Amino acid sequence: MSLLELDISRDAHPVDVIEHVAHSNDWTFERSSDDEIAVSVAGGWTDYNVSFSWMEEFEALHVACAFNLKVPEKRAMEVMRLLSLVNEQMLFGHFDFWDREGVVMFRQSLVLAGGLEPTGQQVEVMLHSALEACECYYQAFQYVIWSGTSAQDALNAVLFETFGTA
């Protein structure tokens, strides 16, 4: 028998853990199915729709964080260049462009193979890291889409560090 064929039981469904954490933090959420929950979060630049999905076949908890920013077809190639540059900066997770919907989203997964269960702290870290990445790069995507800025110039604009005091 292969390890992949083992019947693994968990004490709690991974999405139940997320629902408990969302309720404890007074986050607005909607459980659309046993395996999915959506959380609405207000950020500094925009509101984010965060979706957690349990992927049983991979024993993975997936988070996707989309922001309300439609990419016009004429700017799609430059947005993809920016995605490539941004993803080089990422330690965890990555950004994707969904051409069909014209949206950019951050995605990350937590593998829980062997019957492991997510902790509340892991769920909070997944959510906060997704939001932190989106908040960090949101303006770069805006620059590329609305001002016609190049991907490299937009990334440079959001990653600059200030030194000294005023």
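Now for a quick tour of the structure. All of these numbers come straight from a predicted model, not from anything done at the bench. (Residues numbered from 1 in each chain as written. Predicted model: local features only at pLDDT ≥ 70, side-chain atom pairs only at ≥ 80, totals over all residues. Heavy atoms only, no water.)

### Considerations on the nonpolar core
Counting residues in each nonpolar core, the largest one holds 49 residues, and the members touching the most others are V50, F52, F67, F95, V104 and F141. Per element, the largest residue contribution to this core is 13 residues, and it comes from helix α3 (residues 120-146). Excluding its chain neighbours within four sequence positions, the residues that come into contact with F141 are F67, L69, V79, L82, L83, F95 and V104. (Core = buried A, V, L, I, M, F, W, Y, C linked by side-chain atoms within 4.5 Å. Buried < 20%, exposed > 50% of the residue type's maximum accessible area, 1.4 Å probe, protein only. Helix = DSSP H or I, 4+ residues; strand = E, 2+ residues; numbered from the N terminus. Contact = heavy atoms within 4.5 Å.)

### Focus on unusual backbone geometry
Phi at D26 is positive, roughly 55 degrees, even though this residue is not glycine. Structurally, the position occupied by D26 is in the loop between α1 (14-24) and β1 (28-33). Phi at E59 is positive, roughly 50 degrees, even though this residue is not glycine. On the secondary structure map, E59 appears in the loop between β3 (47-55) and β4 (60-67). Under the relative-accessibility criterion, E59 is labelled buried at 15%.

### Concerning the packing of aromatic side chains
For the coordinates displayed, the defined rule picks out 3 aromatic pairs. Geometrically, the ring pair formed by F95 and F141 is tilted, given 5.6 Å between the ring centres and 50 degrees between the ring planes. Separated by 46 residues along the polypeptide, F95 in strand β5 (residues 94-98) and F141 in helix α3 bring together distant segments of the chain. You can call F95 buried: its relative accessible area is 1%. Judged by relative accessible area, which is 0%, F141 ranks as buried. (Phe/Tyr/Trp six-rings, centres within 6.5 Å; stacked < 30°, edge-to-face > 60°.)

### Quick look at α1
Among all positions of α1, only P14, V15, V17, I18, V21 and A22 are buried. When α1 is viewed along its axis, its buried side chains cluster within an angular range of 150 degrees and face the same direction. Set apart from the buried face of α1 by more than 90 degrees, the exposed residues are H20 and H23. Tucked into the core, α1 has its buried residues touching β1, β2 (36-42), β3, β4 and α3. Phi turns positive one or two residues past the end of α1, at D26, with a value near 55 degrees. (Arc of directions from axis to C-beta.)

### Remarks on the packing of α1 against α3
Helix packing geometry: the angle between the two helix axes and the distance between the axes. The contact between α1 and α3 brings their axes to 9 Å, and the two run at 75 degrees. The angle between α1 and α3 places the two elements in the roughly perpendicular class. Contact residues: α1 offers V17, I18 and V21, while α3 offers G120, V123 and E124. Of the residues contributing to the contact of α1 with α3, the split by class is 4 nonpolar, 1 polar and 1 charged. (Axes fitted to C-alpha atoms, helices over the stretch in contact; angles between N-to-C directions. Parallel < 35°, antiparallel > 145°, perpendicular 65-115°, else oblique. Nonpolar A, V, L, I, M, F, W, Y, C, P; charged D, E, K, R; others polar.)

### Brief notes about the sheet that holds β4
Spatially, β1-β2-β3-β4-β6-β5 is the arrangement adopted by the 6 strands of the open sheet, whose pairing is antiparallel. Strands at the two margins of the open sheet, each flanked by one partner only, are β1 and β5. Ignoring strand direction, the axes of neighbouring strands in this sheet form an average angle of 25 degrees. Here β2 runs beside β3; their pairing, made up of 7 bridges, is antiparallel. Following the sheet pairing, E36 is matched in β3 by S53. Here α1 sits on the sheet and contacts β1, β2, β3 and β4; the angle it forms with β1, its principal contact strand, is near 160 degrees. (Pairing = 2+ DSSP bridges.)

Worth remembering: the numbers are spatial, not functional.
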